Amino acid sequence: MIALRLRDARIGYGDTAVVQGVDLTVAEGEAVAVLGSNGSGKTTLARGLLGLATVLGGEVEVLGAPVGRPRERGRIGYVPQRHTVSGAVPATVREVVGVGRLARLGPVGRLRPADRAAVRDAVAAVGLADRLDDPVASLSGGQQRRVLVARALAAEPELLVMDEPTAGVDAASQDALAAVLADVSATGTTLLVVTHETAALAGVLTRAVVVDHGRIAYDGPLAGAGEVTGGHHHPEGTGQPPARGYRQDQPRVTTDGVR
Ligand SMILES: Nc1ncnc2c1ncn2[C@@H]1O[C@H](COP(=O)(O)OP(=O)(O)O)[C@@H](O)[C@H]1O
Ligand SMILES: [Mg+2]
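The structure displayed is predicted, hence computed values, not measured ones.

**Thoughts on the overall build of the protein**
- The helix and strand tally for the protein stands at seven helices and ten strands.
- The buried share of the protein, reckoned over its 259 residues, is 48%.
- For the protein, contacts bridging at least 24 residues in sequence account for 67% of all contacts bridging at least 6.

**Notes on the coordination of the magnesium ion (ligand 2)**
- Every protein donor of the magnesium ion (ligand 2) is listed here as T43 (OG1) and Q81 (OE1), and their distances to the metal cover 2.0 to 2.3 Å. In this pair, T43 sits in helix 1 (residues 42-50) while Q81 sits in the loop between strand 6 (76-79) and helix 2 (93-105), placing the two residues 38 residues apart along the sequence.
- The class of T43 is partly exposed, set by a relative accessible area of 22%.
- Judged by relative accessible area, Q81 falls into the buried class, the value being 19%.

**Here's the deal with the packing of helix 2 against helix 3 (residues 113-125)**
- Axis separation between helix 2 and helix 3 bottoms out at 9 Å; the angle between their running directions is 125 degrees. By the angle between their axes, helix 2 is oblique relative to helix 3. For helix 2 against helix 3, the interelement crossing comes out right-handed. The segment helix 2 lies against helix 3, with V93, R94, V97, G98, R101 and L105 engaging D115, A118, V119, R120, A122 and V123.

**A few points about the site of ligand 1**
- Residues in contact with ligand 1, as listed here, are Y13, V18, S37, N38, G39, S40, G41, K42, T43 and T44.
- Between ligand 1 and the protein, one listed contact pairs an oxygen atom with a backbone N or O atom of S40 at 3.2 Å.
- T44 places a polar side-chain atom, nitrogen or oxygen, 2.6 Å from an oxygen atom of ligand 1.
- Protein coverage of the free-state accessible area of ligand 1, which is 560 Å², stands at 55%.
- With three residues, the top contributor of residues to the shell around ligand 1 is helix 1.
- Of the residues assigned to the shell around ligand 1, the class counts are two nonpolar, seven polar and one charged.

**Digging into helix 5 (residues 171-186)**
- The end-to-end C-alpha distance of helix 5 is 23 Å, a good match for the 22 Å that 16 residues give at a rise of 1.5 Å each.
- Along helix 5, the residues classified as buried are S173, Q174, L177, A178, A179, V180, L181, A182, D183, V184 and S185.
- Where helix 5 begins, one side-chain oxygen reaches toward the backbone nitrogen of A172, 3.1 Å away; that side chain belongs to D170.
- Backbone geometry just downstream of helix 5 places G188 in the positive-phi region, at approximately 105 degrees.

Scoring rules and cut-offs
Residues numbered from 1 in each chain as written. Chains lettered and ligands numbered in written order. Predicted model: local features only at pLDDT ≥ 70, side-chain atom pairs only at ≥ 80, totals over all residues. Heavy atoms only, no water. Helix = DSSP H or I, 4+ residues; strand = E, 2+ residues; numbered from the N terminus. Buried < 20%, exposed > 50% of the residue type's maximum accessible area, 1.4 Å probe, protein only. Contact = heavy atoms within 4.5 Å. Donors = N, O, S within 2.8 Å, 3.2 Å for Na, K, Ca; no water. Axes fitted to C-alpha atoms, helices over the stretch in contact; angles between N-to-C directions. Parallel < 35°, antiparallel > 145°, perpendicular 65-115°, else oblique. Left-handed = near helix turned anticlockwise from the far one by under 90°. Near = heavy atom within 4 Å. Polar contact = N/O pair within 3.5 Å; in protein donor to acceptor, adjacent residues only side chain to side chain. Areas by Shrake-Rupley, 256 points an atom, 1.4 Å probe, with all protein chains shown as cover. Nonpolar A, V, L, I, M, F, W, Y, C, P; charged D, E, K, R; others polar. Expected span 1.5 Å × (residues − 1).

Take it as geometry only, folks, not as evidence of what the structure does.
Set out below in structure tokens:
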């Protein structure tokens, strides 16, 4: 199955396109890095897949349906950029992550024992098992990022979109997150990860898409993206259609298991 299919997509806000001319096909199970300098349009592209930015033209299909259909509910996990968990209502780690699980159940859903176990597993997977009943406000910024990752994981989504999940997260946590993502990827979940830290995630993400001034400047193996992001030259293209299916066998990393 195809997880993402964009054809000549224009995505933006109001009537202003931020990204345009985007042709991108991601097969189910692929693990794709979205790279590019600040302001290039990475977040807008990611938000367009969630229905949070406006598709102004072209086609954007997510999990086989035009973006924004209710049937996607719970099938897509999203970790927004630069969000820590805050707000007036004090909530524990368990409660915040439980909200992710509720999204999967729909409006009248209620957490059952298996759902509560999935919440605990997701929290354990990001290394916060001992903080389950602590208020999220008592956690560091990096730990709060990990709570948001756990919230997305708890829904056991088919497609996981993460916008700079490792920003502000210490090196040990980055490695832990890489292990979690390897595990999730091994179960067949499609990953689209906006990141600058390709070193930490190089074992997980195999394909890279580089966004430059709102257009895709490179689509190919992660290892080959450096010359584009390095800024030395911006090739018009390789003369070949973007290859697909870079997914290689991932090492199975043992964690407390999201599934
Ligand atoms: N909510 C918004 N409304 C209007 N313009 C926006 C909005 N969010 C981002 N932009 C603009 O879109 C461009 C790309 O931003 P963004 O997608 O956040 O890039 P990146 O994630 O690559 O840093 C920027 O010029 C930014 O000002
Ligand atoms: Mg961004």
